[in-house]
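Here's the letter readout for the chains.
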Amino acid sequence: MPVTSGPTPLIIDCDTGIDDGLALLYACASPGAEIVAVTCTAGNVDARQVAQNTRAVLELAGRTDVEVALGREVPLARELITTPETHGPLGIGWAELPPTSMPLSARHSADLIVEEARRRPGGITLVTLGPLTNVALAVLREPELPRLLGRLVIMGGAYRVPGNTTPVSEWNIHVDPEAAQVVFRAWMSAIGRDASVPRALALGLDVTERARLLPGHLAALGRRAGTDGAALEARVRSAEGPAPANPVLRYLADSLRFYMEFHAKADGFYGAFIHDPLVVAVALDETLARATPVAVDVEVAGEVAAGQTVADWRGLWQRSPNADVAAEVDAGAFLDRLVDRLGGLAARAAGVAS
Ligand code: BDR
Ligand code: CA
C-alpha cells in the first residue's frame with residue numbers, strides 16, 4: 001500500500017446486495033475514506049437494480065455527491081445468475097428504500113476505473129465486492145492498470161476453505177470466472193513485467209466468514225446511535241419488533257433480518273457473514289489482516305471445479321505471486337469499528353450529536 005497522508009481514495013465496485021450496502025455505509029462513515037466513485041456490476045441482483053440500490057444507500061447516508069456508474073450488465077462469457085434467496089428479490093432483504101434522485105454517471109464503469117487510475121497514478125485503491133466483470137474490462141482496455149492503481153483489494157475466492165456456491169467456488173468468482181481469470185492473469189503479467197507493481201490483496205471466505213454479525217451487534221449499534229438497543233435487536237430478530245424511526249437503523253435492521261434468516265437456513269446460525277464491509281475495512285486499514293503472497297489463477301473450464309481460485313501454495317508453477325491472500329483477520333476489532341461507525345452515522349442522520 002502506498003504511503004499516503006490523508007484519506008484513502010477509493011473506487012468501490014459492487015453488486016449491492018445486503019452486505020455491499022453495509023460496506024457502502026461503512027465507507028461513508030469512515031473518516032479515512034475518500035469515495036471517488038462507485039461502479040456497479042451485476043451479481044447479487046441484475047446490474048440496473050444494483051445501480052438503484054447503490055444510489056439509494058448512498059442517498060440514505062447523505063452522499064448524493066458520489067458518482068455512480070454502470071458498466072457491462074452481464075458476465076463476460078456466461079449468462080447472468082443472481083441470488084434472490086440470499087439478498088431478497090431486490091437485493092436489500094426486507095428493507096424498502098425510496099426511489100433515488102441521484103443520476104447515473106455518463107461514464108462506463110470500466111472507463112471510469114481506467115480514467116481515474118490514470119488521473120492519480122498509484123493513488124487509487126480499487127475495492128471489488130462483486131464479480132470482476134468491470135475490472136476485467138478495465139484491464140483489457142488498459143493493461144497497465146495494475147501499475148496505475150495503488151492497490152486492488154478483492155472480495156472473492158475460497159483459497160484454503162470450501163466454496164459457498166459450489167464445493168470449490170465462491171459467489172463473486174462463480175458468477176464471472178472468466179473475468180476473474182482475466183484479472184488475476186493481468187496482475188500476474190504486470191508483475192512479471194515490473195516486480196514493483198503491487199500484488200492484488202484477496203480476501204476470500206477463509207477470512208470473510210470470520211466476520212459474523214450477530215443480533216447483539218445491532219443492540220450495541222442502536223445504543224451507539226443514542227436509541228434503544230434492545231428494540232433494534234428485537235427488530236432484526238423479527239418483523240414484529242418495533243420499526244425504528246431512524247431511517248439508517250430501519251434500513252439496517254430490515255435488510256439484515258433477511259440476511260440473518262438466510263444464514264440461519266444455510267449456515268446454521270442466526271447472524272450473517274458480512275464479507276464486503278470487512279473488505280472495505282481492510283482496504284482502509286491493512287493492519288486488520290495478515291496475508292501471504294501466492295500465485296493465484298482461476299479455473300474456468302473444469303467439469304466440477306469452474307470458478308475455483310487455485311493458489312499455488314508450494315510454488316510449483318514457479319511464478320511470482322500476483323496476490324496477497326488474507327489468512328488471518330482481526331474480526332473482533334473490525335466488528336467493534338463497524339458498530340461504532342454505523343452507529344455514529346445513524347446518530348448523525350437523526351441529528352443526534354455523535
Ligand atoms: C459474496 O457474495 C455476495 O453474495 C456477497 O455480497 C459477497 O460479496 C460472498 O461470497
Ligand atoms: Ca457483494
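Residues numbered from 1 in each chain as written. Chains lettered and ligands numbered in written order. Predicted model: local features only at pLDDT ≥ 70, side-chain atom pairs only at ≥ 80, totals over all residues. Heavy atoms only, no water.

A.B. asks: I would appreciate a short explanation of the packing of aromatic side chains in the present structure.
C.D. replies: Any pair of aromatic rings gets described here by the distance separating the centres and the angle formed by the planes. Evaluation of the coordinates by the stated rule reveals 3 aromatic pairs. Judged by centre distance (6.2 Å) and plane angle (55°), the rings of Y26 and F334 are tilted. A residue pair is termed long-range when its members are at least 10 positions apart, and Y26 in helix α1 (residues 18–28) and F334 in helix α14 (residues 331–349) qualify at 308 residues. F334 matches Y26 in its accessibility class, with the two residues each being buried. Here F269 and F273 contribute two aromatic rings whose centre-to-centre distance is 5.2 Å and whose plane-to-plane angle is 50°, an arrangement assigned as tilted. Judged on exposure class, the residue F269 and its partner F273 are both buried. Just above the ring of F269 sits the side chain of R212; from NZ or CZ to the centre is 4.2 Å. Note that R319 overlies the ring of W317, its terminal NZ or CZ placed 4.4 Å from the centroid. (Phe/Tyr/Trp six-rings, centres within 6.5 Å; stacked < 30°, edge-to-face > 60°. Helix = DSSP H or I, 4+ residues; strand = E, 2+ residues; numbered from the N terminus. Buried < 20%, exposed > 50% of the residue type's maximum accessible area, 1.4 Å probe, protein only. Lys NZ or Arg CZ within 6 Å of the ring centre and 35° of its normal.)

A.B. asks: Got a minute to help me understand the packing of helix α10 (residues 215–224) against α14 in this structure?
C.D. replies: To describe two helices that pack against each other, one gives the angle between their axes and the distance between the axes. Remark: α10 packs on α14, axes separated minimally by 8 Å, with the N-to-C direction vectors making an angle of 40°. Considering the angle they form, α10 stands oblique to α14. The handedness of the crossing between α10 and α14 is right-handed. Within the contact between the two elements, α10 uses H217, A220, L221 and R224 and α14 uses L335, V339, D340, L342, G343 and G344. (Axes fitted to C-alpha atoms, helices over the stretch in contact; angles between N-to-C directions. Parallel < 35°, antiparallel > 145°, perpendicular 65-115°, else oblique. Left-handed = near helix turned anticlockwise from the far one by under 90°. Contact = heavy atoms within 4.5 Å.)

A.B. asks: Where do I start with the coordination of the calcium ion (ligand 2) in this structure?
C.D. replies: The reference angle at a metal is 109.5 degrees if four donors form a tetrahedron and 90 or 180 degrees if six donors form an octahedron. Taken together, the protein ligands of the calcium ion (ligand 2) are D15 (OD), D20 (OD), D20 (OD), L129 (O) and D276 (OD), with distances of 2.2 to 2.7 Å. Here the donor residues for the calcium ion (ligand 2) map to a single chain with the spacing D-x4-D-x108-L-x146-D. Here L129 is found in the loop between β4 (125–128) and α5 (133–141), whereas its partner D276 is found in helix α13 (residues 275–284), with 147 residues between them in sequence. Look at L129 and you get buried, because its relative accessible area is 1%. Take D276: its relative accessible area is 2%, and that puts it in the buried class. (Donors = N, O, S within 2.8 Å, 3.2 Å for Na, K, Ca; no water.)

A.B. asks: What's the story with the sheet that holds strand β1 (residues 8–14) in this structure? I'm lost.
C.D. replies: Pairing between the strands of a sheet is mediated by backbone hydrogen bonds and can be parallel or antiparallel. The 8 strands are arranged β3-β2-β1-β4-β5-β6-β12-β9 in an open sheet whose pairing can be described as mixed. Every interior strand has two partners, whereas the edge strands, β3 (67–70) and β9 (289–294), have only one. Direction aside, neighbouring strands of the sheet carry axes that sit 25° apart on average. Judged from the 3 bridges that link them, strand β5 (residues 151–155) and strand β6 (residues 200–203) form a sheet pairing that is parallel. Counted as the bridge partner of V153 is L201 from β6. Together, β1, β2 (33–40), β3 and β4 form the strand contacts of helix α4 (residues 109–119), whose direction differs from that of β2 by roughly 150°. (Pairing = 2+ DSSP bridges.)

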